[in-house]
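Residue-level listing of the chains:
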Amino acid sequence: VPPFQNTLVGRLAILQFAIHLVLPPVLYYRLDTMLRRSASQTFTRHAHAYVTALTHELELADVLQSPSRTVVFLDAIVQGGGCSYAAIEYRGRLLGSSVAETPEWVQRRGNESVFGESADDIYALSEQFVKSGASGAIYLGFDMRGTLRQLREARYQIIIALIVYAMASVAAAVIFARLVSRPITQLQKASRRVAMGDPAERLGADSTMVEIVNLANDLEFMRGELVGSAALLRAEMSQRESERVQRVILEDRLRHEQRLATVGTFAGGLAHEINNTLLPMLLYSEQALDDIAPEHPARGNVEQILVAALRASDVISKLLAFSRPPEKHRLEPFDPAVVVNEALDLFSALTPANIELKIDVGSRGKCVVGDPTLLNQVVLNLFTNAVYAMRDTGGTLSIGLTLGEIMLPDQTALPSRIVELRVKDSGTGMSRETAERIFEPFFTTREVGEGTGLGLSVVHGIITGMGGSITVRSEIGHGAEFIIVLPMVTDAGETS
Amino acid sequence: MPSVLVIDDEQAIRESIRQVLTRAGFEVVTADNGITGAECYFEHPTDVVIVDIIMPGSDGIALIKKIRAGNPDARIIAMTGGGNFWPLGYKPSTLVTDAYLTLASQSGADTLMRKPFQRQALIESVRALLDR
């Protein structure tokens with residue numbers, strides 16, 4: 001919560017308060033001075049005019065003929081003129097009104113009175129006159145209390161009016177500030193919700209103030225733009241991400257294929273070298289056996305050399321088993337299900353009792369082009385590996401053959417129709433490192449003498465030669481699944 | 001005594017074949033490349049020629065063609081230790097074992113042999129050609 005003095009309402013309230021701390025006293029002082037001056041002028045002018053009129057009357061009329069007429073005249077002045085006393089000095093005699101007491105100081109006080117500044121609130125006034133050759137004076141005491149009371153009342157009115165004005169001003173400022181700040185706060189809260197990730201929040205304000213309505217409209221427009229560009233950005237990002245993933249997959253595959261190709265090329269060159277080395281070994285050891293007598297101890301050793309060389313020759317011939325150009329193989333449409341079933345017929349007899357076979361193959365029609373005997377070899381190889389992986393524990397060997405469609409990332413937007421063969425075991429599984437190298441020639445996890453490490457590289461070669469791909473999914477302790485994808489052909493033999 | 005010319009860039013191969021065939025009753029001459037092999041043959045034509053297909057410089061295919069062109073009745077055995085490992089390293093321009101042998105056959109070789117082979121196979125191939 002921000003401090004009160006930092007809010008719009010607070011600022012306006014403080015400003016108003018400061019203004020009204022200064023303005024009403026000043027106003028009050030000015031008004032009071034004006035009022036007092038005006039009242040004073042009016043009062044004194046009236047008093048002087050009255051006295052002058054009376055003086056003229058005294059000089060012209062015969063009021064002064066007898067004291068009794070003079071007293072009647074003075075009584076009329078007191079009763080009708082609002083005077084607290086009235087007296088006339090004539091021919092050495094001072095006569096006062098009979099309805100009001102005449103103070104003893106009337107002659108003394110003379111014309112020195114100032115409005116509102118006498119202790120008894122009497123404005124004393126005197127005027128000389130001449131009548132019938134004799135001079136005299138009239139003394140009047142005007143009562144200022146009525147006028148002063150009116151002045152006091154007016155002063156109260158002014159004070160009350162100023163207080164009400166000040167309070168109303170502060171209140172109006174606070175109300176106005178609230179009217180401005182409430183829609184701004186609404187906008188701010190809505191903006192925050194938008195910023196916090198609720199782009200559907202509409203930015204509006206309950207106000208008819210043009211500035212605020214414009215601000216809200218512009219903010220709403222900006223939000224629309226932001227939401228649009230954010231959506232665009234997100235779409236672009238997810239597109240880029242999927243492209244990146246596809247590129248990584250492709251790069252990964254390319255790298256893998258390149259490594260296999262390199263190892264393969266190397267293996268080919270190696271085979272040539274080894275064969276050239278094995279030939280003299282074979283010929284020389286056979287020659288040597290001719291020369292060694294049957295009972296000679298070296299004979300057995302040379303025989304072992306011959307056996308070892310023949311074994312090496314066998315390994316190399318396996319390595320080169322597929323070094324025939326593809327046109328040497330048959331190229332015909334066939335039903336992969338038939339091949340898998342034939343392999344299963346052959347294989348199920350050899351399967352140990354602790355291994356359960358789960359088969360979902362059916363008949364798929366002649367949907368693959370290639371040499372069925374090669375696919376047969378692939379299937380047998382995968383089955384043998386699966387059984388080997390489950391030799392100690394037993395388990396389930398699942399074989400599935402399905403037709404489907406895939407999107408090739410490097411091809412056109414049309415999906416490609418494929419045949420998918422899955423061979424899954426529940427055996428020991430393998431590590432990621434092993435899975436990466438499993439198709440390399442001579443790569444084997446088996447004990448020396450148990451495998452040549454050529455089986456899966458040959459499988460890979462056959463599948464690649466058919467235009468397909470083979471991948472492995474595995475985790476240590478969770479078995480392994482080999483997935484073969486082959487391009488599917490139509491009945492006419494055309495690759496779809 | 002029938003004569004055999006052995007042309008191979010590997011000395012151990014030339015010598016082991018010479019020993020086997022000499023003991024089997026043939027007269028054996030050797031050469032370590034295609035050029036001297038051809039000179040040798042046309043100077044003293046032998047009954048049988050054994051040619052390694054893959055040799056540095058002038059290869060066995062060229063030699064077979066040359067001999068066949070010079071002597072249509074020549075008896076030629078072509079042998080090879082293999083080429084590239086086809087499914088993985090195969091490139092359409094690269095000849096592999098069978099392709100080499102096919103090419104050798106088309107170029108005029110009578111008998112094709114894959115290295116390594118055993119003594120019996122070698123002697124039988126030479127005799128079979130001589131009996132033709």
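In the block above lies the structure referred to throughout.
Values in this document were obtained by computation on a predicted structure and should not be read as measured data. (Residues numbered from 1 in each chain as written. Chains lettered and ligands numbered in written order. Predicted model: local features only at pLDDT ≥ 70, side-chain atom pairs only at ≥ 80, totals over all residues. Heavy atoms only, no water.)

What chain A contains, in helices and strands, is 10 helices and 11 strands. Across the 496 residues that make up chain A, the buried fraction comes to 37%. Counting only contacts in chain A whose residues sit at least 6 apart along the sequence, the fraction spanning at least 24 positions is 63%. Carbon and sulfur atoms make up 58% of the accessible area of chain A, which totals about 28,700 Å². (Helix = DSSP H or I, 4+ residues; strand = E, 2+ residues; numbered from the N terminus. Buried < 20%, exposed > 50% of the residue type's maximum accessible area, 1.4 Å probe, protein only. Contact = heavy atoms within 4.5 Å. Areas by Shrake-Rupley, 256 points an atom, 1.4 Å probe, with all protein chains shown as cover.)

Here we take up the pattern of salt bridges. All names here are of chain A. Applying the stated criterion across every chain yields a total of 17 salt bridges over all chains. Note that R422 is salt-bridged to E420, the shortest N-O span being 2.8 Å. Judged by its relative accessible area of 17%, E420 falls in the buried class. Residue R422 is classed as partly exposed on the basis of its relative accessible area of 25%. (Salt bridge = Lys/Arg side-chain N within 4 Å of Asp/Glu carboxyl O.)

Another point: the pairing of strand 11 (residues 480–487) of chain A. With respect to burial, strand 11 of chain A is a largely interior element, 7 of its 8 residues being buried. Adjacent in sequence and paired antiparallel, strand 10 (residues 469–474) of chain A and strand 11 of chain A are bridged by 5 residues, among which G477 of chain A carries a positive phi angle near 85°. (Pairing = 2+ DSSP bridges.)

Residues and elements named next belong to chain A. Summed over the entire model, instances satisfying the criterion amount to 8 aromatic pairs over all chains. Relative to F115, the ring of F43 lies with its centre 5.0 Å away and its plane at 50°, an arrangement referred to as tilted. Of this pair, F43 sits in helix 1 (residues 8–60) while F115 sits in the loop between helix 3 (106–109) and strand 3 (122–131), and the two are 72 residues apart along the sequence. F115 carries the same exposure label as F43, and that label is buried. A centroid spacing of 5.7 Å and a plane angle of 90° characterise the contact between F43 and Y123, whose relative ring orientation is edge-to-face. (Phe/Tyr/Trp six-rings, centres within 6.5 Å; stacked < 30°, edge-to-face > 60°.)

Further remarks concern the nonpolar core. A general feature of soluble globular proteins is that nonpolar side chains tend to end up buried together. All names here are of chain A. Core analysis: the biggest nonpolar cluster contains 43 residues, and F383, L397 and F482 have the highest contact counts within it. When residues of this core are traced back to their parent elements, those giving at least two are helix 7 (336–348), helix 8 (372–389), strand 8 (395–406), strand 9 (416–425), helix 10 (455–465), strand 10 and strand 11. Here this core takes 8 residues from helix 8, the largest share from any one element. Residue contacts for F482: discarding those within four places in its chain leaves L382, L421, R422, V423, M430, F439, L456, I470, T471 and V472. Judged by nonpolar contacts, the second largest core, of 29 residues, contains A47, Y90, F129 and A134. (Core = buried A, V, L, I, M, F, W, Y, C linked by side-chain atoms within 4.5 Å.)

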